[in-house]
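Here is what each chain is made of, one letter per residue.
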Amino acid sequence: MASPGHSDLGEVAPEIKASDRRTAVAIADLEWREMEGDDDGPNEAQDRDFPTVERSRLQEMLSLLGLETYQAQKLSLQDSLQISSDSMKNWAPHAPKDLPWSFLRKLQALNAEARNTTMVLDAPPDARPVEKESQVEEETIYWDTADDISADIYSFSELPTPDTPVNPLDLLCALLLSSDSFLQQEIVLKMSLCQFALPLVLPDPENHYHTFLLWAMRGTVRTWGSQPPRAVGSFREDSVVLSRAPAFAFVRMEVSSNSKSQLLNAVLSPGHRQRDCFWHRDLNLGTNPREIADGLVEISWFLPSGREDLDIFPEPVAFLNLRGDIGSHWLQFKLLTEISSAVFILTDNISKKEYKLLYSMKGSATKYYFILSPYRGKRNTNLRFLNRLIPVLKMDHSHVLVKVSSTDSAGFVRRVRAIVAHVARSPCRRVSVEDMANAARKLGLRVDEDCAECQRAKGRMEQITRKIKDSDAYRRDELRLQGDPWRKAAQVEKELCQVQWAGDPPEKYRAELRHRLLELRMQQNGHDPAWGLQEFISGISSPSLGEKQYFLRWMEWGLARAAQPRPRPSPETTLTLRPKHCGAVDFGEPLWPEPLGVEHFLREMGQFYEAESCLVEAGKLPAGQRRFAHFPGLALELLLRGLPLELIDGNTLSTPLRWVTGLLKELHVRLERRSRLVVLSALGVPGTGKSTLLNTMFGLRFATGRGRGPRGAFMQLLTVAESFSQDLGCDHILVIDSGGLIGGVLTEAGERFEQEASLATLIMGLSNVTVVSLAETRDIPPAILHAFLRLEKTGHMPSYQFVYQSLHDASAPGSKPRERKQLLAQPRDASRATVQMGDQGGGTRTLAGLAFCDPEKQHVWHIPGLWHGVPPMAAVSLGYSEAIFELKRCLLENIRNGLSNQNKNVQQLIELVRRL
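Residues numbered from 1 in each chain as written. Predicted model: local features only at pLDDT ≥ 70, side-chain atom pairs only at ≥ 80, totals over all residues. Heavy atoms only, no water.

Student: Got a minute to help me understand the overall build of the protein chain in this structure?
Tutor: Each helix and strand counted, the protein chain has 31 helices and 23 strands in total. Here the protein chain holds 916 residues, and 58% of them are scored as buried. A separation of at least 24 residues holds for 79% of the contacts in the protein chain among residues at least 6 apart in sequence. (Helix = DSSP H or I, 4+ residues; strand = E, 2+ residues; numbered from the N terminus. Buried < 20%, exposed > 50% of the residue type's maximum accessible area, 1.4 Å probe, protein only. Contact = heavy atoms within 4.5 Å.)

The following block contains the structure:
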């Protein structure tokens with residue numbers, strides 16, 4: 001994709017007022033009606049009545065899917081992530097009202113079958129979820145026209161009923177129309193990870209107020225390679241919203257015997273493996289009539305891997321697909337002609353009406369290609385109108401392709417690819433999604449990002465980030481309480497902790513340490529928050545919850561782009577850096593400097609709170625003069641809205657105790673009666689997929705990707721539905737991701753290792769359930785083994801699961817008992833994970849020697865690889881999704897059955913943090 005710069009579409013369009021937008025839409029509609037007027041004759045007045053039927057059709061679809069209640073109060077991301085009894089069930093939907101929730105659950109789990117809307121209507125009652133048992137009966141429609149002679153048969157005759165499957169595209173449109181901006185963004189992000197085509201223009205058949213989904217696509221980041229490969233830097237990572245590429249649109253005019261979605265899939269599919277990026281007629285329910293999805297515009301990209309033997313095109317290319325006939329969706333068609341380098345029009349025949357429609361595109365700079373499948377006897381008519389169109393659309397005969405049943409499909413696909421490659425190589429229009437949104441505004445389409453809250457939040461973000469020229473210099477000059485001041489204070493606090501456990505240390509030394517710490521905290525407290533931090537605090541203090549959430553998302557993206565983008569290592573390079581035979585490569589050390597992120601602003605707030613709290617405790621500052629006592633409350637609000645908060649600073653390998661305690665106290669107050677907690681943690685060597693695993697299981701937002709994710713341990717909060725909390729035994733689940741805390745150096749000496757072991761002990765000591773992610777089945781980080789041994793002495797042992805994730809083979813087999821025993825047995829000499837317990841007379845211990853390890857129990861999981869094939873165009877593995885679901889079900893079953901440690905309330909968690 002081309003780097004961001006000046007758009008090929010001209011200057012950014014000013015925001016169009018609502019009245020002007022309605023006028024533009026009306027003009028586009030009038031243009032189409034004038035073009036088809038000669039053919040419609042006296043039926044035109046009747047056709048104008050159909051929007052009323054469309055309105056009824058949309059409302060009926062929303063009611064059928066159980067989404068009508070989410071029109072005033074939209075479905076939120078937090079609603080979709082609640083843990084309920086359904087979270088433990090892998091059942092097929094039985095009624096249309098099950099479909100939205102089934103889709104969201106499968107999409108969260110990166111399930112390649114998420115779009116399948118097949119229902120099992122004949123399931124026995126005992127096979128259905130209890131809360132769903134009566135839905136099919138409730139939704140059955142009994143309608144007798146004799147009861148209402150004036151009933152409008154058109155509003156019911158083709159609508160899906162509980163006995164009729166719902167078209168997957170109708171489900172997607174209905175769900176997007178019922179979701180708030182942040183759930184829409186999550187849906188699009190997960191669809192991108194599943195390699196599904198993404199919704200770009202969302203139709204609203206009720207009032208034709210179509211929406212361009214710019215904001216929904218903001219969070220989608222893709223990685224692609226450039227040729228030649230095999231070197232660090234050959235891969236590039238960027239937002240799909242900002243990077244530019246040539247775009248090619250595929251549309252249907254009237255009737256086409258050829259499926260454009262199948263053609264698009266074939267063009268995008270490398271080798272002989274067919275990718276179903278675009279849903280098409282040969283898939284399940286693909287032939288079911290669309291009720292509300294006509295007018296939907298989808299987009300997908302081909303992204304090269306950097307390997308000439310695999311790449312169809314050497315550079316990124318965007319493909320757009322308009323659902324429905326261009327005549328019925330003239331506004332969307334005009335948009336596609338303005339943003340595309342070429343438009344492929346699929347039709348069976350060209351008559352007078354189609355000729356008039358296309359003649360209106362005279363003067364367009366876009367290239368036009370026809371894919372015809374003509375009826376018999378229509379050859380001369382087609383040729384006559386095509387000859388008239390050639391000078392109008394500046395075509396030649398090479399722009400007309402004929403595909404009939406006898407045409408060689410593979411050869412035809414190669415020909416289409418050759419056309420795309422030729423246009424992309426020549427000087428052509430290159431556009432980003434932002435450029436497309438500007439063109440949409442000019443045509444009168446609504447852009448979701450143009451709401452006032454979103455724009456105010458964006459403006460505040462830009463004020464902060466425009467002052468960031470160098471991220472390291474900004475952290476040093478503006479976020480002054482971090483770095484050396486915090487590192488020195490953390491070291492003194494660690495020494496204080498050590499002397500407390502040393503038995504009877506000299507009081508003079510202890511007083512000296514306390515004095516040194518107080519001096520460091522007084523120096524920190526002598527600073528005022530920098531201007532950028534003050535603006536950040538103002539942004540997260542907004543009384544508008546929506547504006548606050550917009551601001552956080554804008555800050556994440558703005559900070560990611562504030563520094564110069566770094567090249568990403570190729571997958572091959574990353575794998576060569578992995579210790580093939582457990583060599584001494586430290587995965588705790590990042591390949592790239594830690595990027596500036598929201599967590600640094602929150603860490604600075606935490607240090608202001610820490611310094612002030614220390615002075616208050618020492619009597620050096622009256623409590624009434626505190627300026628930062630409200631900071632934990634501000635941060636907690638972000639945690640409740642789904643932002644990961646830092647528990648352990650990865651740079652200093654220390655915990656800001658007063659800050660974390662303040663957060664938990666605020667959490668205790670906020671949760672009130674629903675304060676029963678289960679703590680679930682994940683530890684392991686970086687690069688083994690543990691953050692992706694947690695995100696896939698629970699829909700969390702932990703940072704993923706080496707060189708991009710922060711190194712500290714972060715926590716997120718999951719809510720358990722009240723209807724399920726009594727059964728599960730808790731009200732919330734606090735999930736902790738250890739990030740890059742645990743290095744891969746297999747040594748047992750040195751301060752770094754001792755710090756890692758202490759932090760692993762802290763995380764596991766807080767946990768009821770721990771997932772240990774392994775790079776190899778017999779490679780257990782010694783810091784984690786140390787933590788197991790230390791906790792065994794205290795009697796506090798979390799329920800644990802070892803997870804081995806295949807990084808290469810998507811079809812890895814299931815768990816093998818032999819390998820479970822190997823993991824628990826004495827490791828190889830090259831990867832000894834033993835602990836010398838000489839001081840306590842314990843001798844040398846291995847994992848198998850621990851009392852809690854039972855090799856006959858299912859403690860070890862083998863997770864297949866996430867991808868089938870070579871990224872970035874590899875298909876997602878269904879085996880990965882299914883294995884993750886089974887692991888999730890096992891974890892929740894262990895919690896429900898009391899196999900984990902006794903659940904805690906927040907107050908008990910605070911005491912554990914202080915003690916550990």
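Student: Please explain the nonpolar core as it appears in this structure.
Tutor: General note: in soluble globular proteins, nonpolar side chains tend to be found buried as a group. Counting 156 residues, the largest nonpolar core has Phe-212, Phe-319, Phe-370 and Ile-733 as the members making the most contacts within it. In contact with Phe-319, not counting residues within four places along its chain, are Phe-248, Phe-250, Leu-264, Val-267, Leu-268, Phe-278, Glu-298, Ile-299, Ser-300, Phe-302, Phe-313 and Val-420. Of all hydrophobic cores here, the second largest spans 77 residues; its members include Ile-540, Leu-552, Ala-635 and Leu-759. (Core = buried A, V, L, I, M, F, W, Y, C linked by side-chain atoms within 4.5 Å.)

Student: Help me understand unusual backbone geometry in this model?
Tutor: For residues that are not glycine, phi is negative in most cases, and the peptide bond is trans in most cases. A cis amide bond links Pro-871 with the next residue in sequence, Pro-872, at an omega value of 10 degrees. Inspection of the secondary structure puts Pro-872 in the loop between β21 (867-868) and β22 (875-876). Even without a glycine there, the phi angle at Leu-110 is positive, about 55 degrees. On the secondary structure map, Leu-110 appears in the loop between α5 (99-108) and α6 (135-139). One non-glycine residue, Leu-653, lies in positive phi territory at about 50 degrees. Classification of Leu-653 as buried rests on a relative accessible area of 8%.

Student: Explain the packing of helix α7 (residues 168-177) against helix α8 (residues 181-193) to me, please; I cannot follow it from the model alone.
Tutor: For any two helices packed against each other, one specifies the crossing angle of their axes together with the interaxial distance. Two elements in contact, α7 and α8, have axes separated by 9 Å at closest approach and are oriented at 145 degrees. In the crossing of α7 with α8, the sense of the turn from one axis to the other is left-handed. Across the interface between the two elements, Leu-172, Leu-175 and Leu-176 of α7 pack against Gln-184, Ile-187 and Met-191 of α8. Looking at the contact of α7 with α8 residue by residue, the class counts come to five nonpolar, one polar and no charged. (Axes fitted to C-alpha atoms, helices over the stretch in contact; angles between N-to-C directions. Left-handed = near helix turned anticlockwise from the far one by under 90°. Nonpolar A, V, L, I, M, F, W, Y, C, P; charged D, E, K, R; others polar.)

Student: What should I look at first to understand helix α14 (residues 433-443) in this one?
Tutor: Two residues of an α-helix separated by three or four positions point the same way, owing to the 3.6 residues in each turn. Counting buried residues along α14, nine of its 11 residues qualify, which places the element largely inside the surrounding structure. Along α14, the positions that sit buried rather than exposed are Val-433, Asp-435, Met-436, Ala-437, Asn-438, Ala-439, Ala-440, Arg-441 and Leu-443. Taken from the residues just after α14, Gly-444 is the one with a positive phi, measuring 100 degrees.

Student: Even after reading the chapter, I still don't get helix α17 (residues 484-500), so can you show me in this structure?
Tutor: Taking 1.5 Å per residue, 17 residues should reach 24 Å; α17 reaches 24 Å between its end C-alpha atoms and fits that length. Listed as buried for α17 are Trp-486, Ala-489, Ala-490, Val-492, Glu-493, Glu-495, Leu-496 and Val-499. (Expected span 1.5 Å × (residues − 1).)

Student: Would you take a moment to explain the pairing of strand β20 (residues 860-863) for this structure?
Tutor: Put simply, side chains in a regular strand alternate between the two faces of the sheet. Along β20, one buried face is formed by Val-860 and His-862 and the opposite face, lined by Trp-861 and Ile-863, is buried too. Both strand β17 (residues 799-805) and β20 contribute to a ladder of four bridges, which runs parallel. Paired with Gln-805 across the bridge in β20 is Ile-863. (Pairing = 2+ DSSP bridges.)

Student: Just checking my understanding: could you explain the packing of aromatic side chains for this structure?
Tutor: Enumeration over the complete set of coordinates arrives at 25 aromatic pairs. For the ring pair Tyr-800 and Phe-802, a centre distance of 5.5 Å and an interplane angle of 65 degrees mean the geometry is edge-to-face. Take Tyr-800 and Phe-802: they sit in the same class, and that class is buried. In this structure an aromatic cluster arises from ring pairing among Phe-248, Phe-250, Phe-302, Phe-313, Phe-319, Phe-344 and Tyr-369. Stacked on the ring of Phe-196, the Lys or Arg Arg-115 has its end atom at 3.8 Å from the ring centre. (Phe/Tyr/Trp six-rings, centres within 6.5 Å; stacked < 30°, edge-to-face > 60°. Lys NZ or Arg CZ within 6 Å of the ring centre and 35° of its normal.)

By themselves these figures say nothing about function.
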